[in-house]
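If you want the building blocks of each chain, they are given just below.
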Amino acid sequence: MNTTSTTPSAAAPGRIVLLTTSHRVAPGLLSWPAWQALRKADRVLCADGTHPQLPYLREAGVSVAEASPTAGDLVDACAGGRTVVVVATGEGEPALTDGLARLAGSGRVNMPELELLPASYDLPGARLLDLVQVMDRIRAECPWSSRQTHEGLAKYGIEEAYELVEAIEDGDREELREELGDVLLQVVFHARIAEEDPEEPFSVDDVAGTIVAKLIHRHPHVFGEETAETPEDVKAHWLRTKAVEKQRTSVTEGIPLGQPGLALAAKLASRVRTAGLDVPLPKREGIGYELLSLAVRAEAEGVDPEAALRAAARAYRDAIRETEEKTSPSGA
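Residues numbered from 1 in each chain as written. Predicted model: local features only at pLDDT ≥ 70, side-chain atom pairs only at ≥ 80, totals over all residues. Heavy atoms only, no water.

Glancing now at the overall build of the protein. Along the backbone of the protein there are 14 helices and five strands. In terms of overall size, the protein is more extended than a compact globule, its C-alpha atoms giving a radius of gyration of 31 Å where 332 residues would be expected to give roughly 20 Å. Dimensions along the principal axes, computed over C-alpha positions, put the protein at roughly 110 × 65 × 55 Å. Out of the 332 residues belonging to the protein, those deemed buried represent 25%. Residue pairs in contact within the protein that sit at least 24 positions apart in sequence constitute 63% of those at least 6 positions apart. For the protein, the separation between the mean place of its 35 positive charges and that of its 53 negative charges on side chains is 2 Å. (Helix = DSSP H or I, 4+ residues; strand = E, 2+ residues; numbered from the N terminus. Rg over C-alpha atoms; globule rule 2.2 N^0.38 Å. Buried < 20%, exposed > 50% of the residue type's maximum accessible area, 1.4 Å probe, protein only. Contact = heavy atoms within 4.5 Å. Lys, Arg positive; Asp, Glu negative; His and termini not counted. Charge placed at Lys NZ, Arg CZ, Asp CG, Glu CD.)

Moving on: the pattern of salt bridges. Two side chains with opposite charge may pair up if their charged atoms get near one another. Overall, the coordinates contain 14 salt bridges when judged by the stated rule. With a shortest N-O distance of 2.7 Å, Arg192 and Asp136 are connected by a salt bridge. Remark: Asp136 occurs in helix H6 (residues 127-141) and Arg192 occurs in helix H8 (residues 173-194); sequence separation between them is 56 residues. For Arg192, a relative accessible area of 13% corresponds to the buried category. Relative accessible area serves as the criterion here: at 36%, Asp136 is assigned to the partly exposed category. Three or more residues joined by partner-sharing salt bridges are found here, namely Arg24, Asp122, Arg127 and Asp130. (Salt bridge = Lys/Arg side-chain N within 4 Å of Asp/Glu carboxyl O.)

Next up on the list: the nonpolar core. With 18 residues, the main nonpolar core has Leu19, Leu38, Val44 and Leu57 as its most contacted residues. Within the residue set of this core, elements represented by two or more residues are strand E1 (15-20), helix H2 (32-40), strand E2 (43-46), helix H3 (54-59) and strand E4 (83-87). Sort the elements by how many residues they give to this core and H2 lands first, with four residues. Leu18, Val75, Ala77 and Ala88 belong to the second largest nonpolar core, which has 14 residues in total. (Core = buried A, V, L, I, M, F, W, Y, C linked by side-chain atoms within 4.5 Å.)

Bridge count between E2 and E4: three bridges; the pairing is parallel. Residue pairing for E4: Arg43 is matched across the bridge by Val84. Summarising the sheet, E2 and strand E3 (residues 65-66) pair through two bridges and their orientation is parallel. Residue pairing in the sheet places Leu45 in a bridge with Ala65 of E3. Once you follow E2 into H3 and on to E3, the crossover reads as right-handed. (Pairing = 2+ DSSP bridges. Right-handed = clockwise from strand over helix to strand, strands pointing away.)

To continue, consider the sheet that holds E1. Picture the strands of a sheet paired through backbone hydrogen bonds; they go either parallel or antiparallel. What the five strands build is an open sheet, ordered E3-E2-E4-E1-E5; its pairing is parallel. Both edges of this open sheet fall to E3 and strand E5 (113-118), since each of them pairs with a single strand only. Pairing of E1 with E4, which is carried by five bridges, proceeds in the parallel orientation. Bridged to Ile16 within E4 is Val84.

A surface patch of like charges, here positive, comprises Lys235, Lys246, Arg248 and Lys267. With respect to the helices, strands and loops of the structure, Lys267 is situated in helix H12 (residues 261-275). We classify Lys267 as partly exposed; its relative accessible area is 37%. (Patch = residues over 30% accessible without salt bridge, like charges linked within 9 Å, V, L, I, M, F, W, Y side chains within 5 Å. Areas by Shrake-Rupley, 256 points an atom, 1.4 Å probe, with all protein chains shown as cover.)

Here it is in structure tokens:
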């Protein structure tokens, strides 16, 4: 007759749970599996006595010991089928996990069950919280940033917007990602400055709340009872809602006159066409009126005259470079 005998540690090596949390989620807001693991654990350890989760765990009745066990210590602590939960610090305990991996790879240790349990995790957009925190510190501590105003930063907003457009037109995905970040920085920077206004302060949350409310209100086909089957239907919804919101007396209201000339002309033409107005072009002589006529024609044909001119200018730039290469001494 065959018999099998095992020691208690071999039969029941136990379980190690590495509990990770996100600093972008309020402490104490943990997943249900995390709370179950914490309450059923034989021991709960954390190397950082100032970990933001600890007060909330202890308030919930979970006993947490401040300790920095080695991989071998953890394996021993789990002997006999015990479960040990390690509340990971911000670094994720790389030394501990590396040590456990080495023990497991040695083949000489009866390893406990290892589990990585995310107790809280980032939702999409969570890194925006990091940006707000970084901007807050820069505003407080950087000699240059702490002195900036809305007026002083205005030119950078224009520059970053143009660089974003250039990245889009170049089709450079890496550059596009970077330029989107630069544009986002302008928004967060201005919002941070706005917090300090003594009379009408607002924060980045107010900025986000305003655009969220606007988007929901202007998309009744998504968030309400209306329907839209085509992009044209969506645009019609948008224009009707916007007209009610703004209560404008002229289709020209809200058009920034400081934008590039071709873009300005096209925007005016778009407003006129959308409103169904019959407005003749000024009958005057000069290159400006010729450009105005071209911009209006381009808008009617669905062409962005500003983008079209940029594309033509790029081709002109390439032609200049080709001519320079042919005429330069090194190109001979």
